[in-house]
Amino acid sequence: MSDIKHKISKIASEHILSKGFSLSEEDALNLLETPADSKLGDLALPCFKLSKVLRNRPDAIASELVSLFENVDGLEKVEAVGGYLNFFFGSAKYISDLKALLNDDYSAIAEKGKGKTLVLDFSSPNIAKRFHLGHLGTTVIGNAVRNIYKFCGYKTVAINYLGDWGTQNGKQIVAYKKWSSREQLEREGIKELERIYVMFGKEAEKDPSLNAEARAAFHELESGNEEYLEIWKLFKDISLREYTQTYKRLGIEFDVWDGESFYTDKMPAIVQELRDKELLKIDDGASIVDLSEYKMPPALILKSDGSTLYPTRDIAAAKYRYDTYKFDKCAYVTSAGQSLHFAQWFKVTEMMGKDWAKDLVHIPYGTMSFGGEKLASRTGNIILLNDVFDEAVAKARAIIEEKNVANENKDEISEAVGIGAVLFSALSNSRIKDTNFTWEGTLSFEGNAGPYVQYTYARAASVLRRGEYNGEFGSYTPVSEEAELIRKLSEFGDTVERAANDYEPSHISRYALSVCTLFNQFYHNCRILGSGGETEQFRLALTSATRNILGKCLDLLGIRRTEEI
Ligand code: ARG
């Protein structure tokens, strides 16, 4: 937060106090806004809300206040227009803001989360199936939220809560024993697992007794049958081999891989606690927690045969996480389809009297689809994530080749741009909205898309490689394109904080786009290289600040930087 804002709010607050009314500095600060049009100044104090406090008309208040700001350091001009006080910073402020940007010091933001821990549960696929489009949101939103919190100084624990324990594993074991072999599995990998799982579904339609067999197999697995455990382990290893490749391609890492199976032995204590606290009700043989008081269907804790359920496991896992990591926040990124599940079991932990219940956060997102467009390879109705990435990379490569860039690193650049484009698309809408991808929109180098950001970043990097910077621009007076860009760049810190508070990476992607637009306006209207003297130095400095900020935005979003395109 800049000093000048504090100065202005202090002056306003003191004046109002001296008149016998009250407005705290904090409240004055919250009133300040940035005018959309820089012709109206760099900052404005709308006097409409003050009107009630001071019992006067907004325009009269503005005219009364204006003289207070006449000799304030860092303010060039103040105007009362309508009910607004408009502040103009003048070039000294821009020069000092630019210098602050060049310092590249965000330790004040990192202070906010110091000593705090965020546990983040994301991606978490159910084993034995490849990643599909449905996994994109949780994976990339989760990773971006993690990066954002790290930037804010939090310690983060990224947990991949693999779906590795359930009746589907019983089905897989039965199918494997009937229709596959270790050799086949080793050779074909996860595809083989998918093949036999689909086959199980079809066969079970003809012969429903297979389902009972699968339940029995899972029961055996739970009771520690060595042979089954070994097969299950093999399924898990093969799935992980596949997932790790994708995570590597995306540059995503996890700290903890405790899947659902890990929490199995932690459930009986939870069930007992629920019973002791008289929260369990028997309903048709099943054990439930009644949530009708909270207008929700009951949380299912035990089936009538005594087996545990998804909520039971989540409650046990949350308690374990609290005991282990003493989290300040424990967040879960899943599709909005699971919102009720989270609301229900969050409520149950509250009823159990856990004081960490208030620190559980669900981060839901909307569906992601490919709008009527054909994907080269499609498996039934499922769009595989790797196919999306491969196709994006191929298309990025075609565009880069068409631009006829003489470049040795085309493979690397196409990979970065193709993948970055898909990631950016997944992160550019408010997360709760549904996203419909189109290749055209996703891969645009000009529009609101990832390649535009990477391209602008590379453009800034290229200017800097060619320029000779010595940092001497002290008395330069910025023109409007430059002032606007500095203004926007200075909003970076606030934007990251907002993104953290709202668990909303799209604040960053949208911000990055507006930085790009302003930088490109500056780039086209103001000659940088060869402009000479302080002008050139100032412009190089501004280009460098832009490159820094865009680079940070890309890092936070989990998208690779491209030094050249
Ligand atoms: N495995 C689940 C799925 O694929 C997501 C798990 C989300 N995390 C959790 N703790 N429930 O739908």
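This structure is a prediction, so every number in the text was calculated from the model and none was measured.

## Concerning the state of the cysteines
And then number 1: What the rule picks out here adds up to 0 disulfides.
And then number 2: Of all cysteine sulfurs, the one in C553 lies closest to C152, which takes part in no disulfide; the gap is 13 Å.
And then number 3: According to the relative accessible area criterion, C152 is buried, its value standing at 5%.
And then number 4: Residue C330 stays outside any disulfide, its sulfur separated by 18 Å from that of C152, the closest cysteine.

## Brief notes about the site of the ligand
And then number 1: What surrounds the ligand is the set D121, S124, N126, Y161, Y310, D314, Y332, T334, Q338 and F342.
And then number 2: One nitrogen or oxygen atom from the side chain of N126 is found 2.9 Å from a nitrogen atom belonging to the ligand.
And then number 3: Separating a nitrogen atom of the ligand from a side-chain N or O atom of D314 is a distance of 2.7 Å.
And then number 4: Its free accessible area being 340 Å², the ligand has 86% of it covered by the protein chains.

## Things to note about the sheet that holds strand β1 (residues 43–46)
And then number 1: If you walk across this open sheet you meet the 3 strands as β1-β3-β2, and the pairing is antiparallel. Each edge of the open sheet carries a strand with a single partner, namely β1 and β2 (77–81). Here the average twist between neighbouring strands, direction ignored, is 20°.
And then number 2: Examined bridge by bridge, β1 and strand β3 (residues 84–88) share 4 bridges and lie antiparallel to one another. Directly across from L43, in β3, lies its bridge partner F87.
And then number 3: The strands touched by helix α4 (residues 58–65) within the sheet are β1, β2 and β3, with β3 carrying the most contacts at an inclination of about 35°.

## Focus on the pattern of salt bridges
And then number 1: Within the structure shown, the criterion is met by 37 salt bridges.
And then number 2: Its salt-bridge partner being E227, residue K177 comes within 2.7 Å of it at the nearest N-O pair. One end of the pair, K177, is in helix α8 (residues 167–179); the other, E227, is in helix α12 (residues 226–250), with 50 residues separating them in the sequence.
And then number 3: Using a relative accessible area of 42% as the deciding quantity, one classes K177 as partly exposed.
And then number 4: By sharing partners, the salt bridges in this structure join R249, D390 and E415 into a single network.

## Quick word on the pairing of strand β5 (residues 155–159)
Each regular strand carries side chains that alternate between the two faces of the sheet.
And then number 1: Of all 5 residues making up β5, 4 are buried, and the element is well covered by its neighbours.
And then number 2: Of the pairings in the sheet, the one linking strand β4 (residues 117–121) to β5 comprises 5 bridges and is parallel in character. Across the sheet, residue L118 finds its bridge partner in β5, namely T156.
And then number 3: Taken together, β4, helix α7 (residues 136–151) and β5 constitute a β-α-β crossover, and its handedness is right-handed.

The rules behind the values
Residues numbered from 1 in each chain as written. Predicted model: local features only at pLDDT ≥ 70, side-chain atom pairs only at ≥ 80, totals over all residues. Heavy atoms only, no water. Disulfide = S-S within 2.5 Å. Buried < 20%, exposed > 50% of the residue type's maximum accessible area, 1.4 Å probe, protein only. Near = heavy atom within 4 Å. Polar contact = N/O pair within 3.5 Å; in protein donor to acceptor, adjacent residues only side chain to side chain. Areas by Shrake-Rupley, 256 points an atom, 1.4 Å probe, with all protein chains shown as cover. Pairing = 2+ DSSP bridges. Helix = DSSP H or I, 4+ residues; strand = E, 2+ residues; numbered from the N terminus. Axes fitted to C-alpha atoms, helices over the stretch in contact; angles between N-to-C directions. Contact = heavy atoms within 4.5 Å. Salt bridge = Lys/Arg side-chain N within 4 Å of Asp/Glu carboxyl O. Right-handed = clockwise from strand over helix to strand, strands pointing away.

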